[in-house]
Amino acid sequence: VQLQASGGGLVQAGGSLKLSCAASGRTFRTLTVGWFRQTPGKEREFVAVIRGNGGATYYSNSVKGRFTISRDNTKNMVTLQMNSLEPEDTAVYYCAAGSGLILSSLRLHRQYDYWGQGTQVTVSS
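Not measured: the values here are computed from a predicted model.

A.B. asks: Please clarify how the nonpolar core should be interpreted in this entry.
C.D. replies: Inside soluble globular proteins, nonpolar side chains tend to come together where they are buried. Counting residues in hydrophobic clusters, the biggest one holds 28 residues, and the most contacted among them are Trp35, Leu80, Met82 and Tyr93. Elements with a contribution of two residues or more to this core: strand S1 (2–6), strand S3 (17–24), strand S4 (32–38), strand S5 (45–50), strand S7 (67–72), strand S8 (77–82), strand S9 (91–98) and strand S11 (119–124). Setting aside residues no more than four positions away along its own chain, Tyr93 makes contact with Leu19, Trp35, Phe36, Arg37, Val47, Phe67, Leu80, Met82, Gly118, Thr119 and Val121. Counting residues in hydrophobic clusters, the runner-up holds seven residues, among them Phe46, Ala96, Leu101 and Tyr112.

A.B. asks: When you look at the packing of aromatic side chains in this model, what are you seeing that I'm missing?
C.D. replies: Here the distance between the centres and the angle between the planes together describe a pair of aromatic rings. On inspection of all chains with the given rule, the structure shows five aromatic pairs. Look at Phe36 and Trp115: their rings are 5.4 Å apart centre to centre, the planes differ by 50°, and that puts the pair in the tilted class. Taken as a pair, Phe36 in strand S4 and Trp115 in strand S10 (residues 114–115) lie far apart in primary sequence, 79 residues in all. Of the residues examined, Phe36 reaches a relative accessible area of 0% and is grouped as buried. Residue classification places Trp115 among the partly exposed residues on the basis of a relative accessible area of 27%. Between the aromatic rings of Tyr112 and Trp115, the centroid separation amounts to 6.4 Å while the plane-to-plane angle is 65°, which identifies the pairing as edge-to-face. Exposure remark for Tyr112: the relative accessible area of 4% places this residue in the buried category.

A.B. asks: Where do I start with the sheet that holds S7 in this structure?
C.D. replies: Each strand in a sheet pairs with its neighbour through backbone hydrogen bonds, running either in the same direction (parallel) or in the opposite one (antiparallel). Read from one edge of the open sheet, four strands run S1-S3-S8-S7, paired in antiparallel fashion. A strand with exactly one partner marks an edge of an open sheet, and here the two such strands are S1 and S7. Between one strand axis and the next, the sheet turns by 15° as a mean value, whatever way the strands run. Here six bridges tie S7 to S8, and the two strands are oriented antiparallel to one another. Residue pairing in the sheet places Ile69 in a bridge with Leu80 of S8.

A.B. asks: Help me understand the state of the cysteines in this model?
C.D. replies: When the sulfur atoms of two cysteines share a covalent bond, that bond is a disulfide. Scanning the model with the defined rule gives one disulfide in all. A sulfur-sulfur separation of 2.2 Å characterises the disulfide bridge that pairs Cys21 with Cys95. Looking down the S-S bond of the Cys21 and Cys95 bridge, the torsion is 70°, so its handedness is right-handed. One end of the pair, Cys21, is in strand S3; the other, Cys95, is in strand S9, and 74 residues separate them in sequence. For the pair Cys21 and Cys95, one class covers both residues: buried.

Cut-offs and rules
- Residues numbered from 1 in each chain as written.
- Predicted model: local features only at pLDDT ≥ 70, side-chain atom pairs only at ≥ 80, totals over all residues.
- Heavy atoms only, no water.
- Core = buried A, V, L, I, M, F, W, Y, C linked by side-chain atoms within 4.5 Å.
- Buried < 20%, exposed > 50% of the residue type's maximum accessible area, 1.4 Å probe, protein only.
- Helix = DSSP H or I, 4+ residues; strand = E, 2+ residues; numbered from the N terminus.
- Contact = heavy atoms within 4.5 Å.
- Phe/Tyr/Trp six-rings, centres within 6.5 Å; stacked < 30°, edge-to-face > 60°.
- Pairing = 2+ DSSP bridges.
- Axes fitted to C-alpha atoms, helices over the stretch in contact; angles between N-to-C directions.
- Disulfide = S-S within 2.5 Å.

Listed below in structure tokens is the structure:
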């Protein structure tokens, strides 16, 4: 599986961005796809995830109510709509995919097998 993340950029606080993760390779619809973010010197942090085969979604408390993850299996695409952005959302955002993940492992970046290259999101105050 190959993942390509895009859509990052510079935005003012309160603004919006939409990130996209395009996948190629094996059967996309069965994969769990997550978004993680990372700032220098910190551990990669869970943001949101969407399951394959049904599309259940989960969010970190810090983004719940502001971000929305969705998928289009016909296009092998997962998007992350980010609204009401805050300076604390500034990070490199990565999409990741995996299969066979149990509920307790969805937020753990080490459980994911495939990673995109990352896209920078910068929110100015």
